[in-house]
Amino acid sequence: MKLKELLEQFEQKQKDQKALLDKGEGLSAAEISTVKALDGELDVLEGQIKELRSFEDLQAKATRRQDWLTQPINPLPLPAGPPESKDGSPIPVYARLGRGRAKHFKKDEQSGKSGEEMAYRFGMWALACASAKPNAHAMNWCQEHGVKVMYEGWNESGGALVPEEFEQTLIDLREQYGIFRQYAEIVTMGRDTRLIPRRTGGVTVYAVAEGAAITASDLAFDFVQLVAKKFAALGKLSSELNEDSILDFGDRLAFEFGYGFAKKEDECGFVGDGTQTYHNIVGVTRALTALSGTIANIAGLVVASGNVFSAFTLADHERVVARLPQYADTLRARWYCHRSYYFETMMRLALAAGGTTAAEVIAGTREFRFLGYPVTITQTMPKTDANSQVAVVLGDLYLAAALGDRRENRIAMSEHSDFANDLIAVRGTTRLDINVHDVGNADATAGNREPGPMVGLISAAS
């Protein structure tokens, strides 16, 4: 927060100084003194900002050095290998097991490796690098087959950094299962903290007489801050691993890691309430309701006809569509709701409108739509009735929220924590942040209300 505060102070003082300098020769003695004082203050702030950024760079460098010191120098592999073919050459396990076993790994187009081979390689890497006591056979196999086995970033509480050849599969899985990640703006974070500019206003166009001076106006920007936060998950897998089960082990491990974090991202992005459960992240629905204690004053919310879903009307949803700003009515705009809400509320209203044949009701459609917009199902949205609850939202999530991706996926395994049950504990960690930065405003005067790119329908208070 210190860097953000310094940048905000620097920006404000720069604006104050520019406003005075724009007056030109008409400055009073007191104003000239103020300009000089602001110049000195800007010099001090600039130095503090540079010093703070330099300190952050030193911290990152120290972390890299510590990681380097903890890497093993001479791993000791034990010779072992798969059965041999008639000509004496080894037969890869993933070739013997046949195709179709890998459900979550796909063919790597760059290397030509099949999904089964990629899953097997990932399983072997996990056994070799992600456990406190490396598997000697897996370590030997990885070295022979070009799988990177260095303990990048390893420490007792961190785990092994996932190599690049598997990183894309984990990202693909998160994008496949994570709704928020699919539609929000993704910002790659090269460091733990990143500020991204946000346009808050544009130039003003004036009607100017011939030869008259043109009034100056500036583009207005502020900053959206992303701070990488650590998320972790702990699961358990069977310890009965042999040569033939490594493929399934790697495939399952990738799925659990990708799906688990995708689900948490959706929870934070849509319903995060700013508590530690969501790492202090405020999601879309809570960002809307936090604008005012009087929900009728919130520009982006339409108060439904009742406090239960069964009382919601088609007109309520049409008012939500009307509330969406024109600039946010893009090809990306869509509804976000729970599956139960779509079938029990939206479908109920659509069928009640009539014009549907029995054949259409029986056949249905797998492409969900309502009032002309696609409907995206996210199971993190509300599925049961509650007072003053945002039940469904509509809009362009890309314009409203940013997901900062630090891209540091780590996996660690231990056979000690559940020794009695013969299970392997698997821990995955990642670092990211979500900032829902634009949901409009709230005002007691209707004419002053400006909805943002995400609007919603909220149930009545009672």
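Residues numbered from 1 in each chain as written. Predicted model: local features only at pLDDT ≥ 70, side-chain atom pairs only at ≥ 80, totals over all residues. Heavy atoms only, no water.

**A short note on the overall build of the protein chain**
Move 1: Each helix and strand counted, the protein chain has 13 helices and 14 strands in total.
Move 2: In the protein chain, which comprises 462 residues, the share counted as buried stands at 41%.
Move 3: Long-range contacts, defined as pairs at least 24 residues apart, comprise 73% of the intrachain contacts of the protein chain with a sequence gap of at least 6.
Move 4: For the protein chain, the exposed surface amounts to about 24,600 Å²; the carbon and sulfur share of it is 52%. (Helix = DSSP H or I, 4+ residues; strand = E, 2+ residues; numbered from the N terminus. Buried < 20%, exposed > 50% of the residue type's maximum accessible area, 1.4 Å probe, protein only. Contact = heavy atoms within 4.5 Å. Areas by Shrake-Rupley, 256 points an atom, 1.4 Å probe, with all protein chains shown as cover.)

**Thoughts on a nonpolar patch on the surface**
Move 1: Residues Y206, V208 and I214 make up a contiguous nonpolar surface patch of roughly 310 Å² in combined accessible area.
Move 2: For I214, the position within the fold is in the loop between β3 (193–201) and β4 (220–227). (Patch = residues over 30% accessible without salt bridge, like charges linked within 9 Å, V, L, I, M, F, W, Y side chains within 5 Å. Salt bridge = Lys/Arg side-chain N within 4 Å of Asp/Glu carboxyl O.)

**Some points on the nonpolar core**
Move 1: Counting residues in each nonpolar core, the largest one holds 61 residues, and the members touching the most others are F122, W125, F180, L397 and I411.
Move 2: Formed by 23 residues, the second largest nonpolar core is a distinct cluster that contains V302, C337, F368 and V375. (Core = buried A, V, L, I, M, F, W, Y, C linked by side-chain atoms within 4.5 Å.)

**Focus: the pairing of strand β12 (residues 410–414)**
Move 1: For β12, a buried count of four out of five residues is recorded, marking the element as mostly surrounded by other parts of the structure.
Move 2: With five bridges connecting them, β12 and strand β13 (residues 423–436) associate as antiparallel partners. Counterpart to I411 in the pairing with β13 is G428. (Pairing = 2+ DSSP bridges.)

**Regarding the sheet that holds strand β7 (residues 334–337)**
Move 1: Strand order in the open sheet made by the six strands is β6-β14-β10-β7-β9-β8, with mixed pairing throughout. The open sheet has two edge strands, β6 (301–303) and β8 (369–370), and neither has a second partner.
Move 2: Where strand β10 (residues 390–395) meets strand β14 (residues 454–458), five bridges bridge the pair, whose relative direction is antiparallel. Residue pairing for β14: V393 is matched across the bridge by G456.
Move 3: Contacts from helix α11 (residues 339–352) reach β7, β8, β9 (373–377), β10 and β14, with the element oriented near 125° to β7. (Axes fitted to C-alpha atoms, helices over the stretch in contact; angles between N-to-C directions.)

**Considerations on the packing of helix α4 (residues 115–129) against helix α5 (residues 136–144)**
Move 1: Look at α4 against α5: their axes get within 8 Å of each other, and the N-to-C directions meet at 130°. Put simply, α4 runs oblique to α5. Of the two elements, α4 crosses α5, and the hand of that crossing is left-handed. Within the contact between the two elements, α4 uses Y120, R121, M124, W125, L127 and A128 and α5 uses H137, A138, M139, W141 and C142.
Move 2: When grouped by side-chain class, the residues that make up the contact of α4 with α5 number nine nonpolar, one polar and one charged. (Parallel < 35°, antiparallel > 145°, perpendicular 65-115°, else oblique. Left-handed = near helix turned anticlockwise from the far one by under 90°. Nonpolar A, V, L, I, M, F, W, Y, C, P; charged D, E, K, R; others polar.)

**Comments concerning the pattern of salt bridges**
Move 1: Counted according to the given criterion, the structure contains 14 salt bridges.
Move 2: When the shortest N-O distance is used, the salt bridge between E11 and K15 registers 3.8 Å. One end of the pair is E11 and the other is K15, both in helix α1 (residues 2–21) and four residues apart, which spans about a single turn.
Move 3: Put simply, K263 and E267 hold a salt bridge, and the shortest N to O gap is 2.7 Å. Pair noted here: K263 and E267 are both in helix α8 (residues 246–271), with a separation of four residues, about one helical turn.
Move 4: Accessibility expressed as a relative area gives 18% for E267, which makes it buried.

**Some remarks on the packing of aromatic side chains**
Move 1: The final tally for this structure, using the stated rule, is 12 aromatic pairs.
Move 2: Following the ring pairs from residue to residue traces out a cluster consisting of F180, Y183, F270 and Y336. (Phe/Tyr/Trp six-rings, centres within 6.5 Å; stacked < 30°, edge-to-face > 60°.)

**Quick look at the environment of S245**
Move 1: Within the element layout of this structure, S245 appears in the loop between β5 (229–238) and α8.
Move 2: Residue class for S245 comes out buried when judged on its relative accessible area of 18%.

**Description of unusual backbone geometry**
Move 1: Even without being glycine, N280 reaches a positive phi, approximately 65°.
Move 2: Considering the arrangement of structural elements, one finds N280 in the loop between α8 and α9 (284–289).
Move 3: In this model, S388 sits at a positive phi of 50°, which is unusual for a non-glycine residue.

**Comments concerning the side chain of T376**
Move 1: Its location among the elements puts T376 in strand β9.
Move 2: Polar contacts involving the side chain of T376 include one to the side chain of R334, which spans 2.9 Å.
Move 3: T376 has contacts with I179, Y183, R334, W335, Y336 and C337, leaving out every residue within four places of it along the chain. (Polar contact = N/O pair within 3.5 Å; in protein donor to acceptor, adjacent residues only side chain to side chain.)

**Here's the deal with the pairing of β10**
Move 1: Taking burial as the measure, the six residues of β10 include six buried ones, the bulk of the element.
Move 2: The pairing of β7 with β10 spans three bridges and is antiparallel. Within β10, the residue paired with W335 across the bridge is L394.

**Topic: α1**
Move 1: An ideal rise of 1.5 Å per residue puts 28 Å on 20 residues; α1 measures up with 29 Å between its terminal C-alpha atoms.
Move 2: Burial in α1 covers these residues: L3, L6, L7, F10, Q17 and L20. Buried residues of α1 fall within an arc of 150° about the axis and therefore sit on the same side. (Expected span 1.5 Å × (residues − 1). Arc of directions from axis to C-beta.)

**Things to note about the confidence of the model for the protein chain**
Move 1: In the predicted model, the protein chain carries a mean pLDDT of 80, and 79% of its residues have values of at least 70.
Move 2: By mean pLDDT, the top-scoring element of the protein chain is β10 (98), and the lowest-scoring one is helix α3 (residues 93–97) (51).
Move 3: Throughout residues 71–86 the model reports pLDDT below 50, and contacts reaching past four residues in sequence, or to other chains, amount to 30 contacts. (pLDDT = per-residue confidence, 0-100.)

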